[in-house]
Amino acid sequence: MSLAFCTPRSYASVHASALHELFLGLVKDSLNEEQYMASTAKLESYMSIPSDRFEIKLMGVNEKLSLLLSRLLRGVHNLDVRTKRGIPVLLYFTSVCAP
């Protein structure tokens with residue numbers, strides 16, 4: 001199962017590209033526990049931002065793929081970006097984007 005969201009401005013500038021990569025990293029980190037539980041049920045999920053879209057790919061032979069998709073989408077929608085393991089996001093972003 002594959003789902004893609006168009007994000008035409010994701011690579012319009014270096015700043016936008018960095019923000020999209022930061023967003024993807026925060027989403028992956030916040031959903032790490034969900035993805036681990038899914039992997040124990042032989043379900044896999046991948047998220048990426050190729051050029052102009054945000055992609056979610058789900059793989060597995062289970063009727064629970066729709067449940068996994070809904071949990072991943074809920075996690076993306078309800079992403080709490082105030083802190084990342086106790087580190088303010090602004091500090092995290094500046095450390096990632098520092099030259």
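What comes next concerns the included structure. Everything quoted here is computed from the prediction, not taken from an experiment.

### A look at the overall build of the protein
Item 1. In terms of helices and strands, the protein carries four helices and five strands.
Item 2. Element order for the protein, N to C, with α for helix and β for strand: β-α-α-β-β-α-β-β-α.
Item 3. Burial status across the protein gives 29% buried among its 99 residues.
Item 4. Summarising the internal contacts of the protein: among those between residues at least 6 apart in sequence, 55% fall at separations of at least 24.
Item 5. Put simply, the protein shows about 6,800 Å² of open surface, and 60% of that area lies on carbon and sulfur atoms.

### A look at the pairing of strand β3 (residues 53–59)
Item 1. Bridge analysis of strand β1 (residues 2–6) against β3 gives five bridges, and the strand direction is antiparallel. Counted as the bridge partner of A4 is E55 from β3.
Item 2. In this structure, strand β2 (residues 44–48) lies alongside β3, joined through five bridges in antiparallel fashion. The residue bridging S45 from the neighbouring strand is L58, located in β3.
Item 3. Between the end of β2 and the start of β3, which pair antiparallel, lie four residues, with S51 showing a positive phi angle near 40°.

### Some words on the nonpolar core
Item 1. If you look at the biggest cluster of nonpolar residues, it comprises 18 residues, and the most contacted ones within it are V27, M47, F54, I56, L58, L68 and L72.
Item 2. When residues of this core are traced back to their parent elements, those giving at least two are α1 (14–30), β3 and α3 (65–77).
Item 3. With residues near it in sequence (within four places) discarded, F54 still touches L3, A4, F5, T7, F23, L24, M47, S48, I49 and V76.

### Re the environment of Y46
Item 1. With respect to the secondary-structure elements, Y46 resides in strand β2.
Item 2. A residue is classified by how much of its surface remains accessible, and Y46, at 44% relative accessible area, is partly exposed.
Item 3. Separated by 13 residues in the primary sequence, Y46 and M59 place their C-alpha atoms 8.7 Å from one another.
Item 4. Residues within four places of Y46 in sequence aside, it is in contact with E55, I56, K57 and M59.
Item 5. Within the structure, the side chain of Y46 is placed 2.6 Å from the side chain of E44, a separation counted as a polar contact.

### Examining the packing of aromatic side chains
Item 1. For the structure shown, the criterion picks out two aromatic pairs.
Item 2. Taken together, the aromatic side chains of F5, F23 and F54 make up a single cluster linked through ring pairs.

The rules behind these values
- Residues numbered from 1 in each chain as written.
- Predicted model: local features only at pLDDT ≥ 70, side-chain atom pairs only at ≥ 80, totals over all residues.
- Heavy atoms only, no water.
- Helix = DSSP H or I, 4+ residues; strand = E, 2+ residues; numbered from the N terminus.
- Buried < 20%, exposed > 50% of the residue type's maximum accessible area, 1.4 Å probe, protein only.
- Contact = heavy atoms within 4.5 Å.
- Areas by Shrake-Rupley, 256 points an atom, 1.4 Å probe, with all protein chains shown as cover.
- Pairing = 2+ DSSP bridges.
- Core = buried A, V, L, I, M, F, W, Y, C linked by side-chain atoms within 4.5 Å.
- Polar contact = N/O pair within 3.5 Å; in protein donor to acceptor, adjacent residues only side chain to side chain.
- Phe/Tyr/Trp six-rings, centres within 6.5 Å; stacked < 30°, edge-to-face > 60°.

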